[in-house]
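Residues per chain, in single letters:
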Amino acid sequence: MAETRPRTLFDKIWDSHVVERLPDGTCLLYIDRHLVHEVTSPQAFEGLRMAGRQVRRPDATFAVADHNVPTSDRSAGIAEPESRIQVETLEKNVAEFGVPYFPLLDARQGIVHIVGPEQGISQPGMTIVCGDSHTSTHGALGALAFGIGTSEVEHVLATQTLLQKPAKNMLVRVDGALPLGCTAKDIILAIIGRIGTAGGTGHVIEYAGEAIRALDMAGRMTICNMSIEGGARAGLIAPDETTFAYIKGRPHAPKGEAWDRAVAWWKSLPSDEGASYDTTIVINAPDIVPLVTWGTSPEDVVPVTGAVPDPANESSEARRAAKQRMLDYMGLTPGQRMQDIAVDVVFIGSCTNGRIEDIRAAAAVAKGRKVVSGVRAMVVPGSGLVKEAAEAEGLDKVLIEAGFEWREAGCSMCLGMNPDQLKPGQRCASTSNRNFEGRQGPGGRTHLMSPAMAAAAAVTGRLTDVRELAR
Amino acid sequence: MQPFTTLTGIAAPLPQPNVDTDKIIPARFLKTILRTGLGKNLFDTLRYRPDGSENPDFILNREPYRKAEILIAGPNFGCGSSREHAPWALLDFGIRCVIAPDFADIFFNNCFKNGILPIKLPQEVCDALLADAELGANARLTVDLERQVVVRPNGEEIRFEVDPFRKHCLLNGLDDIGQTMAHAPKIDAFETRRRAEQPWL
């Protein structure tokens, strides 16, 4: 039966991966790539072992340890016993089941969502899953990529499929050009501020429009990465020449004749003219300003030039109470100017903003300036290869000279599973993705922002409009 | 997986919105390689003071809610990380059913894989159930999955919707992998066609 209805990018990827449609509409969906890390996989491998099952496609599965790894010198291994056991368990599992693995001392090691695109493992039109909610990152390449729980990790390991129901389509169109001083991070914070942290629940978000097209792949990955902070399991950006140029020549990219066939297919993937979306949101890029979060939900965004909002303006008692609780946790008062808020720690890294472009942006602000005395500022490259690339450009020297710590690759202070944690009450300017209570360490206070803005906070000691420094 | 049929138990109220999975089980407790044992750290930062002692104000530290098997929660429950440790921690504590106006997608999925029933009901219905849950020793609800009803302490029955396939799996305690394995010939055929048409995949 010929498909004539105009289809979205999501519809096309979905349709091409349905192995079987069950009577109630649930689909058995084929999974092209499965990325595995140490935190959400041990129980899945144990399940396989207990049932006497194998990994169906080890060649489509890639493992790396990232959440627990120390970002200081690790030639001596991992000191913390539980973290060490988790990484050793992954190493034992990948050896037993024959899964490709980038060890801790391999330059290709890094955050799983940095490594996938960097190695060319993630490609347009694929379905990609990982036991991690930020799997949405890979949607920047035009892949349907989403986070799954450990039971589903086991299901994919055993069957290379998942039982899923199709999501709804949401279009977020960002029209016009982004103003100077604003980045992809400001776009996605603006979107989450608009739709709210549950706005995308049940949807896959496709990002389109001039401002999205103008972004490089790093920026697109930042946008798709935080789809989950808007409630959407997956974000998507149609593949284009920027995408193809990024993938070409990477270790796992198609080569020769396969490359030409792949590109021809990739070019057929963008949403058809007239395809319909369940929800459409339009954002005007020229209206975007550098944004920061003030509360403990990623939807709590405010212009850096603005002030802490007053819970009294909330619509319901429940919302007032929730916002007041956030202010108490964050140690802020209504009306306080954001730029008067002093920081103790600056964290530049994570799967949101740990790519070479992010480190360049931070170094450009840091160059010729000094981290304010008493502020701890750390830069954690997203992978060993990002670290090498930054060092080849001399960015490490710029950052170290300015007083930043230059560390090894990993998830680090994004979620504090390794020793990189905030102490209770410490306030952090962070390029990561979640400002939840205790996310970066028990009692820690997080303000999310772009890498340039985080670097600006490091050299002034307070939340700062990076456009002021550029003058 | 333990089947879920009918559950009668204490319901605890936790009405705050956007309870994220970091709040359900903070990342520092994810270093386990087991599924069990996480119950003691469920809602850790709400449940314990910085010195490790219990916070007497937190609902699950009060009688009879220490034995709660049902949670009446706020909107967007389970947002954030995909960690299945969140339902594992709830289950290990003894909670088999969460009722809320809506849930984050990944958490919602993960519940079904672990014999936990998440039920979406409109905010005003949740408000009534929150009031029931405030009744202390009388905060007992019955959740009947077969009939798809929640029975309030006053006997009123509230109908809820559940995906038929997921209902079937929960009622019978079925593991999805075994069921998917039954489709193995279809998966084989899909892979064979793929290898011919799109060998780079």
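Residues numbered from 1 in each chain as written. Chains lettered and ligands numbered in written order. Predicted model: local features only at pLDDT ≥ 70, side-chain atom pairs only at ≥ 80, totals over all residues. Heavy atoms only, no water.

A. Main features of the overall build of chain A. Scanning chain A for helices and strands turns up 17 helices and 19 strands. A compact globule built from 471 residues should have a C-alpha radius of gyration of about 23 Å, and chain A, at 22 Å, falls within 12% of that. The 471 residues of chain A split such that 65% are buried. Across chain A, every contact between residues at least 6 apart in sequence was considered, and the portion connecting residues at least 24 apart equals 76%. Total accessible area on chain A stands at roughly 15,500 Å², and carbon and sulfur atoms take up 52% of it. (Helix = DSSP H or I, 4+ residues; strand = E, 2+ residues; numbered from the N terminus. Rg over C-alpha atoms; globule rule 2.2 N^0.38 Å. Buried < 20%, exposed > 50% of the residue type's maximum accessible area, 1.4 Å probe, protein only. Contact = heavy atoms within 4.5 Å. Areas by Shrake-Rupley, 256 points an atom, 1.4 Å probe, with all protein chains shown as cover.)

B. Expanded view of the overall build of chain B. Tallying secondary structure elements over chain B gives eight helices and seven strands in all. Over its C-alpha atoms, taken along the principal directions, chain B stretches across nearly 65 × 45 × 25 Å. Counting over 201 residues, chain B shows a buried share of 59%. Sequence-distant contacts in chain B: of pairs separated by 6 or more residues, those separated by 24 or more amount to 65%. A total accessible area of about 8,000 Å² is found for chain B, and carbon and sulfur atoms account for 53% of it. For chain B, the centre of its 24 positive side-chain charges and the centre of its 27 negative side-chain charges are spaced 4 Å apart. (Lys, Arg positive; Asp, Glu negative; His and termini not counted. Charge placed at Lys NZ, Arg CZ, Asp CG, Glu CD.)

C. View of the sheet that holds strand β2 (residues 70-73) of chain B. All names here are of chain B. Read across the open sheet, the seven strands follow the order β4-β3-β2-β1-β5-β6-β7; overall the sheet is mixed. Both outer strands of the open sheet, β4 (117-120) and β7 (157-159), are each paired with one neighbouring strand and no more. Direction aside, the axes of adjacent strands within the sheet are offset by 30 degrees on average. As judged from the three bridges shared by β2 and strand β3 (residues 97-100), these two strands associate in the parallel manner. Directly across from Ile 72, in β3, lies its bridge partner Ile 99. (Pairing = 2+ DSSP bridges. Axes fitted to C-alpha atoms, helices over the stretch in contact; angles between N-to-C directions.)

D. Local environment of the nonpolar core. Counting 109 residues, the largest nonpolar core has Phe 404 of chain A together with Phe 43, Phe 77, Leu 90 and Ile 99 of chain B as its most contacted members. In terms of residue count, helix α16 (residues 451-460) of chain A provides more of this core than any other element does, seven residues in total. For Ile 99 of chain B, the residues in contact, after removing those within four places along its chain, are Ile 70, Leu 71, Ile 72, Ala 73, Ile 119, Leu 121, Cys 126, Leu 129, Leu 141 and Val 150 of chain B. Membership of the second largest hydrophobic core comes to 95 residues, among which are Leu 90, Val 99, Ala 145 and Ala 211 of chain A. (Core = buried A, V, L, I, M, F, W, Y, C linked by side-chain atoms within 4.5 Å.)

E. The packing of helix α2 (residues 42-51) of chain A against helix α5 (residues 150-159) of chain A, seen in detail. All names here are of chain A. Relative orientation of the contacting elements α2 and α5 amounts to 50 degrees, with a least axis distance of 8 Å. By the angle between their axes, α2 is oblique relative to α5. With respect to the hand of their crossing, α2 and α5 are arranged in right-handed fashion. In this structure, α2 contributes Gln 43, Ala 44, Phe 45, Gly 47 and Leu 48 to the contact, and α5 contributes Thr 150, Val 153, Glu 154, Leu 157 and Ala 158. (Parallel < 35°, antiparallel > 145°, perpendicular 65-115°, else oblique. Left-handed = near helix turned anticlockwise from the far one by under 90°.)

F. Representation of the interface of chain A and chain B. In this complex, chain A contributes 69 residues to the contact, which on the side of chain B involves 52 residues. Summed over both sides, the interface between chain A and chain B buries roughly 5,000 Å², with carbon and sulfur atoms accounting for 56% of that surface. At the surface where chain A touches chain B, the tally comes to ten salt bridges. Summed over the shared surface of chain A and chain B, the result is 30 residue pairs in polar contact (both at pLDDT 80 or more). Put simply, the parts of the chain that give the side of chain A that touches chain B at least two residues each are β1 (18-21), β2 (27-30), α2, α3 (81-97), α5, β8 (161-164), α10 (256-266) and α11 (317-330) of chain A. When residues of the side of chain A that touches chain B are assigned to their parent elements, the largest contribution, seven residues, is made by α5 of chain A. Along the lines of polarity and charge, the residues of the side of chain A that touches chain B split into 24 nonpolar, 25 polar and 20 charged. (Buried area = accessible area lost by both parts, 1.4 Å probe. Salt bridge = Lys/Arg side-chain N within 4 Å of Asp/Glu carboxyl O. Polar contact = N/O pair within 3.5 Å; in protein donor to acceptor, adjacent residues only side chain to side chain. Nonpolar A, V, L, I, M, F, W, Y, C, P; charged D, E, K, R; others polar.)

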